[in-house]
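# Working through the structure, step by step
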Amino acid sequence: MQIQRLSDSVAIELERRMLEGSLRPGQRLPPERELAAQLGVSRPSLREGLRKLASKGLVHSRQGGGTFMTDRLQAAFVDPWKDLLDQHPDLQPDLLELRHMLEGQAAELAAQRANELDLQRMGRAYEQLREAFEGDDLDACTQADVQFHQAIVDASHNLLLAHLSASLHRLVHDAVHGNLVFLQSRPRQWEQLRRHHREIWSHVQARRAAAAGRAARRHIGFVHDSMLEREREHTRLERARRLDAAV
């Protein structure tokens, strides 16, 4: 009975770390001896706890390679919606509307709730974003953009918001990249995008909750307008190509 109770505590503690984001999808868990010492349990209790998580699909083991966290919480949401979004692009405005609500609220909560460690983590994410935007590597820009917005949501200390945001960022990754490609060739809009990120971070850092929320919503509105402009430009280009081919 004692091992069973300890194994339950192991499973609950690792689930808590997964929910808060300190254990992330794909992350390898520490070696068994080290993890058991961290949790203050025996190795048999640890193994039983890990079996409980494996039965829920939250961890998986690789032969000779250790135990890893899965992405089950995100994949269960992302996988079906990714196919639907690919097949029905008209859903994109709905997705942006959801981000408008989520990221605006998250920025307000982050301004209210962030502690010093959160501020340091958001600051590092902003600096990485700023440096990426000064270069020409759009893959780095996309990754830094996603990480910055996720850092804001993580600092809201709402675990459901954080996991939903991480799932949404997986869904919109390609769209974000495409939009950055479009905006980089337009210096005025590129600078406006950089200003939006700077404003969001500035308001959160200064704990101006309402202003942070407005800045985040204004940013998503700008992204929406940019995507519409990109689609219109693509439509005009395709029309011109068809006309040219008909000559």
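Residues numbered from 1 in each chain as written. Predicted model: local features only at pLDDT ≥ 70, side-chain atom pairs only at ≥ 80, totals over all residues. Heavy atoms only, no water.

All right, on to the environment of Ala 76 then. Take Ala 76: it is sitting in helix α4 (residues 72-87). Judged by its relative accessible area of 60%, Ala 76 falls in the exposed class. Each C-alpha atom of the pair Ala 76 and Ser 167 lies 9.3 Å from the other, and the pair is 91 residues apart in sequence. (Helix = DSSP H or I, 4+ residues; strand = E, 2+ residues; numbered from the N terminus. Buried < 20%, exposed > 50% of the residue type's maximum accessible area, 1.4 Å probe, protein only.)

Right, let's talk about the environment of Trp 81 for a bit. Mapped onto the elements, Trp 81 comes out in helix α4. Separated by 58 residues in the primary sequence, Trp 81 and Asp 139 have C-alpha atoms spaced 23 Å apart. If near-sequence neighbours (up to four positions away) are discounted, Trp 81 is found in contact with Leu 91 and Leu 171. (Contact = heavy atoms within 4.5 Å.)

So, on to the packing of helix α8 (residues 159-184) against helix α9 (residues 187-205). One can describe the packing of α8 onto α9 by two numbers: an axis separation of 7 Å at closest approach and a directional angle of 125°. Put simply, α8 runs oblique to α9. Contact residues: Leu 180, Leu 183 and Gln 184 in α8; Gln 189, Trp 190 and Leu 193 in α9. Across the contact of α8 with α9, the residue classes tally to 4 nonpolar, 2 polar and no charged. (Axes fitted to C-alpha atoms, helices over the stretch in contact; angles between N-to-C directions. Parallel < 35°, antiparallel > 145°, perpendicular 65-115°, else oblique. Nonpolar A, V, L, I, M, F, W, Y, C, P; charged D, E, K, R; others polar.)

For the rest of this paragraph, the subject is the packing of aromatic side chains. Here the distance between the centres and the angle between the planes together describe a pair of aromatic rings. Scanning all chains against the criterion turns up 2 aromatic pairs. Relative to Trp 190, the ring of Phe 133 lies with its centre 4.7 Å away and its plane at 20°, an arrangement referred to as stacked. Here Phe 133 is found in helix α6 (residues 116-134), whereas its partner Trp 190 is found in helix α9, with 57 residues between them in sequence. The same class applies to Phe 133 as to Trp 190, namely buried. The ring of Phe 68 carries the charged tip of Arg 62 above its face, separated from the ring centre by 3.8 Å. Over the face of the ring belonging to Phe 182 we find Arg 186, whose NZ or CZ atom lies 3.8 Å from the ring centre. (Phe/Tyr/Trp six-rings, centres within 6.5 Å; stacked < 30°, edge-to-face > 60°. Lys NZ or Arg CZ within 6 Å of the ring centre and 35° of its normal.)

What follows deals with the pairing of strand β2 (residues 66-69). By the bridge criterion, 4 bridges tie strand β1 (residues 59-62) to β2 in an arrangement that is antiparallel. Each bridged residue has a counterpart across the sheet, and for Arg 62 the counterpart in β2 is Gly 66. Hairpin remark: β1 followed by β2, antiparallel, with 3 residues in the connecting loop; positive phi at Gly 64, about 70°. (Pairing = 2+ DSSP bridges.)

Glancing now at the side chain of Glu 15. Among the structural elements, Glu 15 can be located in helix α1 (residues 2-20). Given the relative accessible area of 18%, Glu 15 is considered buried. Those residues in contact with Glu 15 that sit more than four places away from it in its chain are Leu 53, Lys 56 and Leu 58.

Attention shifts here to the packing of helix α2 (residues 32-39) against helix α3 (residues 43-55). Axis separation between α2 and α3 bottoms out at 9 Å; the angle between their running directions is 95°. Classified by the interaxial angle, the pair formed by α2 and α3 is roughly perpendicular. Note on element contacts: α3 touches α2 through Arg 43, Leu 46 and Arg 47, opposite Glu 32, Arg 33, Leu 35, Ala 36 and Leu 39. Residues belonging to the contact of α2 with α3 are distributed by class as follows: 4 nonpolar, no polar and 4 charged.

Purely geometric numbers; function is a separate question.
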